[in-house]
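What follows is the residue order along each chain.
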Amino acid sequence: MNYTEINAETIDRWIEEGWEWGVPISHEQYAAALRGEWDMVLTPTKPVPKSWYPALSGADVLGLASGGGQQMPIFAALGANCTVLDNSPRQIESELMVARREGYQIQAIRGDMTKPLPFADASFDLIFHPVSNCYIEDVMHVWRECHRILKPGGLLMAGLDNGVNFLFDEDENEGEIRYSLPFNPLKDQKLMALLEKNDDGVQFSHTLEEQIRGQIKAGFQLVDLYEDTNGEGFLHEHGVPTFWATLARK
């Protein structure tokens, strides 16, 4: 089985178990967004600055690996024309459920972002891409495709795992380093066996050069960024940043 299909099945299981990134927003949260009371995250804890967003009324927005009915409903409430692509059937089901419940239209596509994205050149004003590149091996392909499908001047907002988490076991064991970087289970069967044992899907560490320099090499201008932590655990308690969020312009 292709590793991206393993990840899709894994995430579907996580959702059944109550995974926080698979819980759709409530009607009350949607109604609050209609009143202008909202925020969204690309990383675990820090809201994306409101100054990062373009005018959203009438904007064409793609949620890339952003299914689950958390961000796209808010974009829809703010007047955007929304499309979402996600490889998890359950995440797509949630998007369609919220759209039906709240009465807006969304194009929801099950798709693998390691493949060419199923959109024409210059289709979107904004791509919203929460942390998910850790589930694919080659991030450069994603940056090239994002650049292709954005309109001139369009924005890419991305949440990125900076790789630090891959040094440790899930419990972080008081900061004891257990693994080396890069973390690539396709090249190390011991890592693959570990991920299978923990039901973690197939995950990869990525470097600053892949994640941020990669956007620049794809043609983007880096506009802004910030760091975030896991929100809990040993590393969080010691203030160790484990995620980046970036704003880039085509």
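Here the structure is a predicted model, which is why all the values come from computation and not from measurement.

Rules behind the numbers
- What you see as residue numbers is a count from 1 along each chain, following the sequence as written.
- Local features in this predicted model are restricted to residues of pLDDT 70 or higher, and side-chain atom pairs are both shown and tallied only at a pLDDT of 80 or more, whereas totals for entire chains, interfaces and linings draw on every residue.
- Hydrogen atoms and water are omitted, and side-chain values are computed over all heavy atoms in the structure.
- By definition, any uninterrupted DSSP run of H or I lasting at least four residues is a helix, any uninterrupted run of E lasting at least two residues is a strand, and each is numbered from the N terminus.
- Criterion for a disulfide: a pair of cysteine sulfur atoms within 2.5 Å.
- Here's how the labels work: a residue is buried when its accessible area is under 20% of the maximum for its type, exposed when over 50%, partly exposed in between, all with a 1.4 Å probe on protein chains only.
- For our purposes a nonpolar core is just a set of buried Ala, Val, Leu, Ile, Met, Phe, Trp, Tyr and Cys residues, chained together by side-chain atoms within 4.5 Å.
- By definition, residues are in contact when any of their heavy atoms lie within 4.5 Å.
- Note that the arc is defined by the directions from the helix axis to the C-beta atoms.

J.: Which parts of the structure should I look at to understand unusual backbone geometry?
T.: Most peptide bonds adopt trans geometry, and most residues besides glycine take a negative phi value. Omega for the peptide link from Leu181 to Pro182 comes to 0°, which places this bond in the cis form. The topology assignment puts Pro182 in the loop between strand 5 (150-161) and helix 6 (189-198).

J.: What should I look at first to understand the state of the cysteines in this one?
T.: As used here, a disulfide is simply a covalent bond connecting the sulfur atoms of two cysteines. For the structure on display, the rule yields 0 disulfides. Note on Cys82: no disulfide assigned, nearest cysteine sulfur contributed by Cys146 at a separation of 16 Å. Of the residues examined, Cys82 reaches a relative accessible area of 5% and is grouped as buried. Unpaired in terms of disulfides, Cys134 finds its nearest cysteine sulfur in Cys146, a separation of 15 Å.

J.: Would you explain the nonpolar core in this entry?
T.: A general feature of soluble globular proteins is that nonpolar side chains tend to end up buried together. With 33 residues, the main nonpolar core has Tyr53, Phe75 and Met157 as its most contacted residues. Going through the elements one at a time, helix 2 (27-34), helix 3 (72-77), strand 2 (81-86), helix 4 (89-102), strand 4 (124-129), strand 5 and strand 7 (243-249) are the ones with two or more residues in this core. Those residues in contact with Met157, other than ones at most four positions away along the chain, are Leu42, Val48, Trp52, Tyr53, Pro54, Leu126, Ile127, Phe128, His129, Thr246 and Leu247. Among the nonpolar cores identified, the runner-up in size contains 29 residues, and Met113, Leu156, Ala158 and Trp244 belong to it.

J.: So what exactly am I meant to see when it comes to helix 7 (residues 208-217) here?
T.: Helical periodicity: at 3.6 residues per turn, an α-helix aligns residues three or four positions apart in one direction. All of the buried residues in helix 7 are Gln211, Ile212, Gly214 and Gln215. Burial along helix 7 is one-sided: seen end-on, the buried residues are contained in an arc of 155°. Facing away from the buried side of helix 7 by more than 90 degrees, the exposed set consists of Glu209 and Lys217. Considering only its buried residues, helix 7 is in contact with helix 5 (139-149), strand 5, strand 6 (221-228) and strand 7. Of the residues one or two after helix 7, Gly219 is the one with positive phi, at around 115°.

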